[in-house]
Protein chains: 2
Amino acid sequence: MYTIGQMADMFQIPISTLRYYDKEGLFPGLERSGGIRRFSEKEAEALRVIECLKKSGLEIREIKTFMEWCAEGSSTYEKRRELFVQQEKAVIEEMRRLEKTLAMIRYKQWYYEQALKDGTEDRVRQMEPEEMPEKIRAFYELAFEDMEPERRRA
Amino acid sequence: MYTIGQMADMFQIPISTLRYYDKEGLFPGLERSGGIRRFSEKEAEALRVIECLKKSGLEIREIKTFMEWCAEGSSTYEKRRELFVQQEKAVIEEMRRLEKTLAMIRYKQWYYEQALKDGTEDRVRQMEPEEMPEKIRAFYELAFEDMEPERRRA
DNA sequence: CCTTGACCTAAAGTCAGGTTTAGGTTCTAT
DNA sequence: ATAGAACCTAAACCTGACTTTAGGTCAAGG
C-alpha cells in the first residue's frame, strides 16, 4: 500500500495529477482510510495503463470507461481487447501522418540548402519534381501525395 | 488573388481559423483592399508550411517567428534550415515514442486474447517474459525497456 | 502545546488553439 | 438603389488536461 506522495515519487508525476485522475474516475474502487487515499498495486497497474492509453491518444473520459471495464471483471475482456485493436489502428495512422511530415521536413531542409548555395530561393522554388535528386523527389512526392493539385508545391 | 472564403474552401479549414492565424501574425504582409483580406499564392504557400509545422509539433508562436524569417528574405535561409533540422529530430523522437506505445498495445492485445481463452487473467498476469511467445516478449520488452523495475509489469 | 509536514476538498485559474457572438461594413447582382 | 451574401472586428466563450489557491484535518516530533 502506498500514499499519494509515494505514488507521485514512484511515477514522477505531480500529486495534483493523481488527485485529478481520481476525481475523473480513473481509479474506480480506490480505497481510503479516514479520508486518505490508499493506493495499491492495482492502482499502480492502472496508472501504467493510463500512461499508455494517454500516449496512444485516448482522452481521460475514454480511459475512465476502460478502467470501469477493468473493475467489472472477466465479462469485459473482449471489449478491452477490441479497444487495443482500435488503438493499434489509431497509432499506426498517426505514425503514417508523421512519416509524411518527416518527408516534408526533409524536402524543406534540402530546399534551404539549395537556397543557401544559390543565395536565393528562385531556382529551387521553381524546380519541378523531375529535376530534383531522386531521394528528394521521393520526399516531395510522399509529402504531397494526397493533396489537391492547387494545394501542392510547398 | 483569393478571398478568405476561397482560401477556406481550398484548404478545407474554417474562415475563423484563417482570421485567427492572421491575428496571430502568421501572414506577415498580408494585403487588404478596403479592409478585406486579399490572399495570394504567397499566403497559400505559407498555409501549407503552417500545416506541416503544426503537424510536426510547433506552436503558433514559433510558426509566427518562422513566417517572420520568411518575410525577412535571404538573410534567414540558414535559420530556417536549422529549424527544419530541429523539427526532424523532434518528429523522429515522437515516432520512437509511438513505437513503444504500439508495442504496449500489441502486448495488451495478446494479454486479453489469453485472458479470453482462459476465462481469467490469472495465468497471463503472472507470466514472466521468459514464458511468453518470442514476438510478444519483444513487444513487452520494448514497451517497458526504460521503466524502473517497480513501474514495470503492465 | 504547538509547529511542521503530509494529507484533504472545492473552486478558480491557466494554456493552447480555436470558435462563437454581436454588431457593423462592403461587394454583387437585380 | 437595395437586398443578400460575404466580409470585418472585438470580445467572450469553449475544451481538455491539468495546476493553483484557499482553507482545513490529522499525526508525529521537539
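Reference entry: report on the structure contained in this document. These numbers were taken from a predicted model, which means no experiment stands behind them.

## Quick notes on the protein's contact with DNA strand D
- The local shell around DNA strand D holds 18 residues, among which Thr17 of chain A together with Gly5, Arg19, Arg32 and Arg37 of chain B are the closest.
- Near the protein, meaning within 4 Å, the atoms of DNA strand D are sugar or phosphate in a fraction of 82%, with bases accounting for the rest.
- Separating a phosphate oxygen of DNA strand D from a side-chain N or O atom of Arg37 of chain B is a distance of 2.7 Å.
- Those elements giving two or more residues to the surface near DNA strand D turn out to be helix 2 (15–23) and helix 4 (60–72) of chain A together with helix 1 (4–11), helix 2 (15–23) and strand 2 (36–38) of chain B.
- Per element, the largest residue contribution to the surface near DNA strand D is 4 residues, and it comes from helix 2 of chain A.

## Here's the deal with the packing of helix 1 (residues 4–11) of chain A against helix 2 of chain A
Residue and element names in this part refer to chain A.
- Two elements in contact, helix 1 and helix 2, have axes whose closest approach is 9 Å; the angle formed by their N-to-C orientations is 110°. Taken together, helix 1 and helix 2 sit at an angle that is classed as roughly perpendicular. By crossing handedness, the relation of helix 1 to helix 2 is classed as right-handed. Every residue of helix 2 that contacts helix 1 at Ile4, Gly5, Met7 and Ala8 is listed here: Ile15, Leu18 and Arg19.
- The class makeup of the residues in the contact of helix 1 with helix 2 is 5 nonpolar, 1 polar and 1 charged.

## Re the pattern of salt bridges
- Overall, the coordinates contain 24 salt bridges over all chains when judged by the stated rule.
- Linking Arg80 of chain B and Glu121 of chain A is a salt bridge whose minimum nitrogen-to-oxygen distance equals 3.7 Å. Of the two residues, Arg80 of chain B sits in helix 5 (residues 77–118) while Glu121 of chain A sits in the loop between helix 5 (77–118) and helix 6 (122–126), which places them in two different chains. For the residue pair Arg80 of chain B and Glu121 of chain A, the accessibility class agrees, reading buried in each case.
- Note that Glu78 of chain B and Arg81 of chain B form a salt bridge whose closest N and O atoms lie 3.0 Å from each other. Residue Glu78 of chain B and its partner Arg81 of chain B are both found in helix 5; the two are separated by 3 residues, about one turn of the helix.
- Taking relative accessible area as the criterion, Glu78 of chain B reaches 31% and is therefore assigned partly exposed.
- Residues joined by salt bridges that share partners form a network here, namely Asp22, Arg32 and Arg37 of chain A.

Scoring rules and cut-offs
- All residue numbers here refer to positions counted from 1 along the written sequence of the relevant chain.
- Chains carry letters and ligands carry numbers; both start at the beginning, A for chains and 1 for ligands, and go up in the order they are written.
- Local features are withheld for residues below a pLDDT of 70 in this predicted model, meaning they are given only at 70 or higher, and side-chain atom pairs are given and counted only at 80 or more; totals for whole chains, interfaces and linings count all residues.
- Water and hydrogen atoms were dropped before computing side-chain values, which therefore reflect all heavy atoms in the structure.
- Whether a residue is near a molecule or strand depends on its heavy atoms: if one lies within 4 Å, it is near.
- N or O atoms closer than or at 3.5 Å make up a polar contact, with two conditions inside protein: a donor-capable atom paired with an acceptor-capable one, and, for residues adjacent in sequence, both atoms drawn from side chains.
- Elements are defined by DSSP. Helices are runs of H or I of four residues or more, strands are runs of E of two residues or more, and each kind is numbered from the N terminus.
- What counts as an axis is a line fitted to C-alpha atoms, over the stretch in contact for a helix, and the angles between N-to-C directions run from 0 to 180 degrees.
- Each angle is binned into one of four classes, with values under 35 degrees roughly parallel, values over 145 roughly antiparallel, values of 65 to 115 roughly perpendicular, and all other values oblique.
- In this scheme the handedness of a crossing depends on how the near helix is turned from the far one: anticlockwise by less than a right angle means left-handed, clockwise means right-handed.
- Contacts are assigned to residue pairs with any non-hydrogen atoms lying within 4.5 Å of each other.
- Amino acid classes used here: Ala, Val, Leu, Ile, Met, Phe, Trp, Tyr, Cys and Pro are nonpolar; Asp, Glu, Lys and Arg are charged; the rest, including Gly, are polar.
- Salt-bridge detection follows one rule: a side-chain nitrogen of Lys or Arg within 4 Å of a carboxyl oxygen of Asp or Glu.
- Throughout this description, buried means an accessible area under 20% of the type-specific maximum (1.4 Å probe, protein chains only), exposed means over 50%, and partly exposed covers the range between.

Scope: geometric values only; no functional claims are made or implied.
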